[in-house]
Amino acid sequence: MDATLLLSADAAALAARRCPSTPARRPGQVAPGRRPASFRSVRARAAAAAAPAAGSVTGQSNGVYTVGDFMTRRENLHVVKPTTSVDEALEMLVQHRISGFPVVDDNGKLVGLVSDYDLLALDSVSGNGLADTNTNMFPDVDSTWKTFREIQILLSKTNGKVIGDVMTSSPIAVRENTNLDAATRLLLETKYRRLPVVDSTGKLVGMITRGNVVRAALKIKKKSEEDA
């Protein structure tokens, strides 16, 4: 149940050296051409975002900002495990007013992502690629489920379910030294709300969210005005 670290700069460089003209294939991946073009294009953008910011390792250098400069660090994140019950996870969502979790194993390695909608939409097939595209515990009128009665019905299906049943496995992840601009484009183009941040061993070290990006933009703008 290991996460596929598609955005590891080290892995991307190694794959390029091994086969410059053919993308590396992760274990269990179907032959090229079998996945939809839209899926491949998202993965291509993800691979592009993997490149570390030039001249930067973990901090801002020469005007280049990285994910590590503005991400929410692991110690400030709420996380769940594949064995966490869906009911417990829903209670945590309400208590902490958040809309999703990274999922880690006993060693702290990222193995998945789960959103509030994943936890309720138990009739859907989970863990097969693009998820968490437009999720909110309290959706708009035209969203997938519309009435309080529907929420009650969905909640009745959570008994006995665990996070491993509903999470998105092998999520796209970035590194601390990923260029902030590249990560922002990935968030916008894929409509993801969040991207987990991992180290070279696949362990979760943080999360970069849309909110982090907005705060980063405001901070950078203010700094530029002060320096002007």
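- Per an unreviewed UniProt entry, the protein goes by the name CBS domain-containing protein and belongs to Urochloa decumbens.

**A closer look at the nonpolar core**
Step number 1: In terms of nonpolar packing, the biggest core is built from 17 residues, with Val67, Met71, Val174, Leu180, Leu195, Val197 and Ile208 touching the most fellow members.
Step number 2: Only helix H3 (67–70), helix H8 (180–190), strand S5 (194–198), strand S6 (204–209) and helix H9 (210–227) provide two or more residues apiece to this core.
Step number 3: Of all the elements, H8 adds the most residues to this core, at 4 residues.

**So, the sheet that holds strand S3 (residues 110–115)**
Sheets are built from strands paired through backbone hydrogen bonds, the pairs being either parallel or antiparallel.
Step number 1: What the 3 strands build is an open sheet, ordered S2-S3-S4; its pairing is antiparallel. Edge strands, defined here as strands with exactly one partner in the open sheet, are strand S2 (100–104) and strand S4 (168–169).
Step number 2: Here S2 pairs with S3 via 5 bridges, running antiparallel. Note on S3: the bridge partner recorded for valine 103 is glycine 112.

**Comments concerning the sheet that holds S5**
Step number 1: What the 3 strands build is an open sheet, ordered S1-S6-S5; its pairing is antiparallel. Strands at the two margins of the open sheet, each flanked by one partner only, are strand S1 (72–73) and S5.
Step number 2: Where S1 and S6 come together, 2 bridges link them in antiparallel fashion. Paired with threonine 72 across the bridge in S6 is methionine 207.

**Some remarks on helix H4 (residues 86–96)**
Step number 1: Those residues of H4 not exposed but buried are Val86, Ala89, Leu90, Met92 and Leu93. Taken down its axis, H4 places every buried residue within 160° of arc, on the same side. Turned more than 90 degrees off the buried face of H4, the exposed positions are Glu91, Val94 and Gln95.
Step number 2: In this structure, the buried side of H4 is in contact with S2, helix H5 (116–120), helix H6 (148–155) and helix H7 (163–166).

Calculation rules
Residues numbered from 1 in each chain as written. Predicted model: local features only at pLDDT ≥ 70, side-chain atom pairs only at ≥ 80, totals over all residues. Heavy atoms only, no water. Core = buried A, V, L, I, M, F, W, Y, C linked by side-chain atoms within 4.5 Å. Buried < 20%, exposed > 50% of the residue type's maximum accessible area, 1.4 Å probe, protein only. Helix = DSSP H or I, 4+ residues; strand = E, 2+ residues; numbered from the N terminus. Pairing = 2+ DSSP bridges. Arc of directions from axis to C-beta. Contact = heavy atoms within 4.5 Å.

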